[in-house]
Amino acid sequence: VQLVESGGGLVQAGGSLRLSCATSGFTFLVYDMGWFRQAPGKEREFVAAINRRGDRSDYADFVKRRFTISRDNAQNTVYLQMNSLKPEDTALYYCGRGPSTGTLLGRNTDEYDYWGQGTQVTVSS
């Protein structure tokens, strides 16, 4: 199982970035997927999750109406479109593989069993 994030970088406040998470080694379309982030000195926190079919998603309150999660099951890839970025969005962003059963989208790190190495997002003021 491999998850590889990309698309991070340095952007000014109000700007946009699109993160990608390319996966391999498992049947992508049977797993929920999620994005989390971790700032220095803080715990990893939930950002967004999407179900297997890609028709249902969940977001942390602090990113609603700014970020959009999506997936392409043909490309085994999950995306995070981030708009109206703020300095407090600065963090290392990780994608994780969620459950393959159930209907609730996970918000806890222990509901995800594989993680990528992360991609750094830095938002300057």
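Residues numbered from 1 in each chain as written. Predicted model: local features only at pLDDT ≥ 70, side-chain atom pairs only at ≥ 80, totals over all residues. Heavy atoms only, no water.

If you tally the helices and strands in the chain, you get zero helices and 11 strands. When the elements of the chain are put in sequence order from the N terminus, they spell out β-β-β-β-β-β-β-β-β-β-β. Whereas a compact globule of 125 residues would reach a radius of gyration of roughly 14 Å, the chain reaches 13 Å, a difference of no more than 12%. Expressed along its principal axes, the backbone C-alpha trace of the chain runs to roughly 40 × 25 × 25 Å. Residues classed as buried in the chain amount to 44% of the 125 residues present. A separation threshold of at least 6 residues defines the contact pool for the chain, and within that pool the share at least 24 residues apart is 60%. Carbon together with sulfur atoms contributes 45% to the accessible area of the chain, which is approximately 6,400 Å² in total. (Helix = DSSP H or I, 4+ residues; strand = E, 2+ residues; numbered from the N terminus. Rg over C-alpha atoms; globule rule 2.2 N^0.38 Å. Buried < 20%, exposed > 50% of the residue type's maximum accessible area, 1.4 Å probe, protein only. Contact = heavy atoms within 4.5 Å. Areas by Shrake-Rupley, 256 points an atom, 1.4 Å probe, with all protein chains shown as cover.)

Attention now goes to the packing of aromatic side chains. Taken as a whole and judged by the stated rule, the model has six aromatic pairs. Residues Phe 36 and Phe 46 carry aromatic rings whose centres are separated by 5.7 Å and whose planes lie at 75° to one another, so their mutual orientation is edge-to-face. Of the two residues, Phe 36 is situated in strand β4 (residues 33-38) and Phe 46 in strand β5 (residues 45-50); the sequence distance between them amounts to 10 residues. Taken as a pair, Phe 36 and Phe 46 share a single burial class, namely buried. (Phe/Tyr/Trp six-rings, centres within 6.5 Å; stacked < 30°, edge-to-face > 60°.)

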